[in-house]
Amino acid sequence: MRVVEIRNICREEGSIYYLRKFKGEAVIELPGGDFETPVEFSIETDPLGVKKIDVIISETINYPVVPIKNALKTYITAADSKGKLPL
């Protein structure tokens with residue numbers, strides 16, 4: 001299982017500068033084939049600069065959700081550090 005990509009990422013406008021919210025479509029490679037699902041995620045930066053990522057998968061998946069969320073968090077962290085998320 002791995003995250004192939006997150007497509008059509010768009011940032012939701014908000015008034016809190018340390019909380020960024022996004023929506024997109026995650027493409028996940030599962031043993032039975034690729035699976036596409038809508039996702040929402042937020043990145044919250046605390047005063048010390050530590051980032052907390054929350055992921056919401058709105059569709060039912062026939063696979064354990066915890067490993068998928070962990071893989072998405074890893075993918076999002078890498079995309080954010082490389083500057084690939086919308087500003």
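In this text, all values refer to a predicted model and were calculated from it rather than measured experimentally. (Residues numbered from 1 in each chain as written. Predicted model: local features only at pLDDT ≥ 70, side-chain atom pairs only at ≥ 80, totals over all residues. Heavy atoms only, no water.)

> Hey, could you go over the environment of Phe-35 for me, with residue numbers and the actual values?
Within the secondary structure, Phe-35 sits in strand S3 (residues 33-45). A sequence separation of 26 residues divides Phe-35 from Ile-61, and the C-alpha atoms of the two residues are 8.7 Å apart. Apart from the residues lying within four places of it in its own chain, the contact partners of Phe-35 are Ala-26, Val-27, Ile-28, Leu-30, Glu-59, Thr-60 and Ile-61. (Helix = DSSP H or I, 4+ residues; strand = E, 2+ residues; numbered from the N terminus. Contact = heavy atoms within 4.5 Å.)

> Which residues make up the pattern of salt bridges, and what values go with them?
Applying the stated criterion across every chain, the model contains seven salt bridges. Measuring nitrogen to oxygen at the nearest pair gives 3.6 Å for the salt bridge that ties Glu-29 to Arg-2. Remark: Arg-2 occurs in strand S1 (residues 2-12) and Glu-29 occurs in strand S2 (residues 19-30); sequence separation between them is 27 residues. On the basis of relative accessibility, which here comes to 33%, the residue Glu-29 falls in the partly exposed class. For Arg-2, a relative accessible area of 43% puts it in the partly exposed group. The structure contains a network of salt bridges with shared partners spanning Glu-5, Arg-7 and Glu-36. (Salt bridge = Lys/Arg side-chain N within 4 Å of Asp/Glu carboxyl O. Buried < 20%, exposed > 50% of the residue type's maximum accessible area, 1.4 Å probe, protein only.)

> Any chance you could break down unusual backbone geometry for me, citing the residues and the numbers?
You will see that Asn-8, though not glycine, has its phi angle at about 50°, which is positive. Here Asn-8 is to be found in strand S1. Owing to a relative accessible area of 58%, Asn-8 belongs among the exposed residues under this scheme.

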